[in-house]
Amino acid sequence: MKLYVLDLGKIVMMGDNPVTKDEGENPAIPIHAFLLDTPAGYVLFDTGCHPQAMEGAWPKELCGNPYVPGEHGSVPERLAELGIQPEEISAVVLSHLHLDHAGGAHFFPRAKIYVQQEELKHVMADQKNGTLSVFHQKCDLDNWEQAHLQWVPVPAGVREVPLCPGVTIVNLGPGHSYGMLGMLVELESGNYLLAADAIYSRAHYEPVPQLSGVVYDEKGYFDTMEFLRRYAAEHHAELLFGHDMKQFQSLKKSTEGYYQ
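Now for a look at the structure at hand. (Residues numbered from 1 in each chain as written. Predicted model: local features only at pLDDT ≥ 70, side-chain atom pairs only at ≥ 80, totals over all residues. Heavy atoms only, no water.)

Let's talk about empty space enclosed by the protein
Rule in force here: A cavity here means a set of 1 Å grid points, computed over protein atoms only, where a 1.4 Å probe fits but cannot escape. A pocket is an open set with protein on both sides within 12 Å along at least 5 of 7 lines, and lining residues have an atom within 4 Å of a point. Grid points are joined across faces, edges and corners, and a volume is the space filled by probe spheres set on the points. Strands are runs of DSSP state E lasting at least two residues, helices are runs of H or I lasting at least four, and both sets are numbered from the N terminus onward. When residues are grouped by polarity, Ala, Val, Leu, Ile, Met, Phe, Trp, Tyr, Cys and Pro land in nonpolar, Asp, Glu, Lys and Arg in charged, and all others, Gly among them, in polar.
Within this structure, the stated rule accounts for 1 cavity of 30 Å³ or more. There is about 30 Å³ of room inside the largest cavity. What lines the largest cavity is Pro30, His32, Phe34, Leu240, Phe241, Asp244, Gln247, Phe248 and Leu251. The element best represented in the lining of the largest cavity is strand 2 (residues 28-38), accounting for 3 residues. For the lining of the largest cavity, a count of residues per class yields 6 nonpolar, 2 polar and 1 charged.

Thoughts on the environment of proline 30
To keep it simple, the criterion reads: Pairs of residues are marked as contacts when any of their non-hydrogen atoms sit within 4.5 Å.
Inspection of the secondary structure assignment puts proline 30 in strand 2. Along the sequence, proline 30 and tyrosine 200 sit 170 residues apart, while their C-alpha atoms lie 11 Å from each other. Those residues in contact with proline 30 that lie beyond four places of it in its chain are Gly9, Lys10, Gly242, His243, Asp244, Met245 and Phe248.

Quick notes on the environment of valine 43
You can see valine 43 is positioned in strand 3 (residues 41-45). Separated by 120 residues in sequence, valine 43 and leucine 163 place their C-alpha atoms 8.9 Å apart. Setting aside its immediate chain neighbours within four residues, valine 43 contacts Phe34, Leu35, Leu36, Thr38, Ala91, Val93, Leu163 and Met183.

A closer look at the pairing of strand 10 (residues 180-187)
Rules: Only protein chains enter the area calculation, which uses a 1.4 Å probe; residues under 20% of their type maximum are buried, those over 50% are exposed, and those in between are partly exposed. A pair of strands counts as paired when DSSP detects no fewer than two bridges linking them.
With 7 of 8 residues buried, strand 10 lies mostly within the body of the structure. Here strand 9 (residues 167-173) runs beside strand 10; their pairing, made up of 6 bridges, is antiparallel. Residue pairing across strands places asparagine 171 opposite leucine 181, the latter belonging to strand 10. Pairing of strand 10 with strand 11 (residues 190-196) involves 5 bridges; the strand directions are antiparallel. For glutamate 186, the partnering residue across the bridge sits in strand 11 and is asparagine 191.

Focus: unusual backbone geometry
Residues glutamate 206 and proline 207 are joined by a peptide bond in cis, for which omega reads 10 degrees. As for its placement among the helices and strands, proline 207 is situated in the loop between helix 4 (202-205) and helix 5 (218-234). The backbone of histidine 72 shows a phi angle near 60 degrees, a positive value even though the residue is not glycine. Looking at the element boundaries, histidine 72 is found in the loop between strand 4 (67-68) and helix 1 (75-81). With a relative accessible area of 37%, histidine 72 lands in the partly exposed category. Backbone geometry at alanine 196 places phi at a positive 50 degrees, although glycine is not the residue there.

Some thoughts on the packing of aromatic side chains
What counts, and what does not: Two rings from Phe, Tyr or Trp (for Trp, the six-membered ring) form a pair when their centres are within 6.5 Å of each other. A pair whose planes differ by under 30 degrees is stacked, one over 60 is edge-to-face, and the rest are tilted. For a lysine, the NZ atom is tested; for an arginine, the CZ atom; a charge sits over a ring if that atom is within 6 Å of the ring centre and within 35 degrees of the ring normal.
Under the counting rule described, the total for this entry stands at 9 aromatic pairs. A centroid spacing of 6.2 Å and a plane angle of 40 degrees characterise the contact between tryptophan 58 and tyrosine 67, whose relative ring orientation is tilted. Taken individually, tryptophan 58 and tyrosine 67 each receive the classification buried, so the pair is uniform in this respect. Across the ring face of phenylalanine 227, the terminal group of arginine 159 is positioned such that the distance to the ring centre comes to 3.8 Å. Here the guanidinium or amino end of lysine 253 rests over the ring plane of phenylalanine 248, the centre of that ring lying 4.6 Å away.

Structural data, given as C-alpha cells:
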C-alpha cells in the first residue's frame, strides 16, 4: 500500500487569521489531499478547493484571503501526474464539507463519497433554508448536485468504518464543523492518523489544547482533540494536522514519492 501527499496549493491569510498561530506577516496555510493506493483500489482523503475559487466561484469577500493553487494544483492535475484518472478513484473520504476540503468532490461521481452524517444533513438543510455558512459554499453544493455524487453517510453512533486492511475511517463527531471524519492509515513504515481540521496545527494541539478560530461545537472540539490524542497513542500513529505549514513542508509530496 502507498500513501501520497497531494500538494493543492495554499491560502494566504491577508487579514484576521483564525487558523494559524503564526504571528508573521501574511502567513499561508497548506491545502492538501491524501491518496492511498490499496489492494481494494484508490482512496482519496479530501479534495481541496474549487479550482475556479478566485475566478468567480467564491464570493468576493472570501477572496480577501486568496487561494493560490500553484502549478498543477488541482486534484485532477495531481492525480494525472501519477497516471491516475478521477474515474479510477473508488472511494473519497471527506473530513468535512468546508470549501477548502470538499471543493473538488464533484470530480468523482463514480466514487463512493464518505461524509459524516450530521455534516451532510446540516449542510443540505442550510442550503435549503438559505443559511449556509461562509465555509460551506453554494458553488460546491451546486457542483455536487450536478455530479449526482454517491454519498455514503457515516452515522453518529459508528466510530470506525474499515475500508480495507490498513485503512479505517474514524468518526470524530462535531467540533470544527457539524461532523468530522479522520482516517487511520497503517503502513509497513508506520501509521498515520489524518486529523484534518479537527486539529489545525501542532500549536493548537500541544503543549495544551488551544481553541481554533472556526468552531461549531466547542465541547465537541476539545473532546475530539483528546480522543485523537488517545487514538493516536493506541495505534502508534503520527498525527497529520489540517493546516500546519511547518509539518506540511516536512512531508514527502506526490511529485517526490510516497510512504509505504
